[in-house]
Amino acid sequence: MIAFLARFPVVAVSLGLCLSSSVVHSEESRTGSAVPDQAGTIVSSSYTVFATGLSEPRGLLFAPSGDLYVAEQKSGSIAKISPSGTITRIAHGFDSPHDIAIDPAGNLYVAETGADRVAVINPAGAVATYIANLNGPVDLDFNPQGELLICELGSGNVRAFRSPDRFRTVVTLDGPHGLAFAKSGDTLVNDWKGNKVVKVTPQGEVQLVAHLRNPVGIAIGRSGDIYVAQPQARMVSRIKQDGSRKVFVEGLDQPRDPVFDSGGNLFLAETGAGRILKFSGNF
């Protein structure tokens, strides 16, 4: 990975930063869901509510500090949630933010879907445009080579940016909406409109992983199993390494964007309920 801000110019804009905003504490409760997988087996997934009171949360990202960053799509804010569950809004004024990435220097990159751009927030809180004139950017992440991959839902392209004006096209799908990187070097991509998950090999070969209804957000557990959120289906699917699939949890209100913390716990945005769920277990 590379610290892009040190190498490439950005265009500054004003977004009404709120670095010393009021602090809201999350509430926590425990519940569970037991659901059948496709073979009829009962799968039990218990969770706690890690944070609530968020405005259509999505785009979860863990920083090395252990803080969880969240894009609030409806309010246009970026929130930081401490390991203890304290919520602080660090920036306001984004137009339908969908996802967040971080570079080694601590700069946060925001897929601002409504503005067709990727914005960047530096550690001091200043906001600037990093890449403009995109076509519906909805997901982004840095690959192991330091390129910033961006899913453009409007064009169907997943492009890898070495800088704002140096990029390559990784794959073109019906509607890419989620990224993950496997230890094998493969890039996993959700095709939301195409109702499937694919992998792109380092050689550029595109292979089908699974057919899933409207996948949004994808993460890989320590086991190598793949977790995919499906907001329209109100569930999260778990794809085993042998290709078999199970319903990990269902009955949620627009689940999106699973992510793992450093301890291997799975966090999930329940967008419709305005909260973040935490799952602890063997993933």
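For every chain, the first residue of its written sequence is number 1, and the numbers climb from 1 along that sequence. This being a predicted model, a pLDDT of at least 70 is required before a residue's local features are given, and a value of 80 or more before pairs of side-chain atoms are given or counted; all residues contribute to the totals for chains, interfaces and linings. Excluded from the side-chain calculation are hydrogens and water; included are all heavy atoms of the structure.

Participant: What is the right way to read the pattern of salt bridges from this model?
Facilitator: Any Lys or Arg side-chain nitrogen located within 4 Å of an Asp or Glu carboxyl oxygen qualifies as a salt bridge. Applying the stated criterion to the full structure yields eight salt bridges. Between Lys240 and Asp225 there is a salt bridge, with the nearest N and O atoms lying 3.1 Å from each other. Taken together, the residues span a long stretch of sequence, with Lys240 in the loop between strand E23 (235-239) and strand E24 (245-250) and Asp225 in the loop between strand E21 (218-220) and strand E22 (226-230) at a distance of 15 residues. Three labels apply to residues, based on accessible area from a 1.4 Å probe with only protein chains included: buried if under 20% of the type maximum, exposed if over 50%, partly exposed otherwise in between. Lys240 sits in the partly exposed class, given a relative accessible area of 30%. Connected through salt bridges with shared partners, the residues Asp225, Arg238 and Lys240 form a single ionic network. A run of DSSP states H or I qualifies as a helix once it reaches four residues; a run of E qualifies as a strand once it reaches two. Both are numbered from the N-terminal end.

Participant: Would you mind going over the environment of Arg117 with me for this structure?
Facilitator: With respect to the helices and strands, Arg117 occurs in strand E11 (residues 117-121). Taking the relative accessible area as the measure of exposure, Arg117 reaches 8% and is therefore buried. For Arg117 and Thr129, which are 12 residues apart along the polypeptide, the C-alpha to C-alpha distance reads 7.1 Å. Here the side chain of Arg117 touches Glu112 through a polar contact of 2.5 Å, side chain to side chain. We call two N or O atoms a polar contact when they sit within 3.5 Å, provided that within protein one can donate a hydrogen and the other can accept it, with sequence-adjacent residues counted only if both atoms are side-chain atoms.

Participant: What exactly am I supposed to notice about the sheet that holds E23 here?
Facilitator: By definition, the strands of a sheet pair up through backbone hydrogen bonds, in either a parallel or an antiparallel sense. A pair of strands is considered paired only if DSSP assigns at least 2 bridges between the two. With antiparallel pairing, four strands are arranged side by side in an open sheet as E21-E22-E23-E24. Among the strands making up the open sheet, the edge pair consists of E21 and E24. Within the sheet, the average angular offset between the axes of one strand and its neighbour, ignoring direction, is 25 degrees. Sheet topology note: the E23/E24 ladder contains five bridges and is antiparallel. Bridge assignment links Met235 to a residue of E24, and that residue is Glu250. Helix axes are fitted to C-alpha atoms over the stretch in contact, other axes to C-alpha atoms as well, and angles between N-to-C directions run from 0 to 180 degrees.

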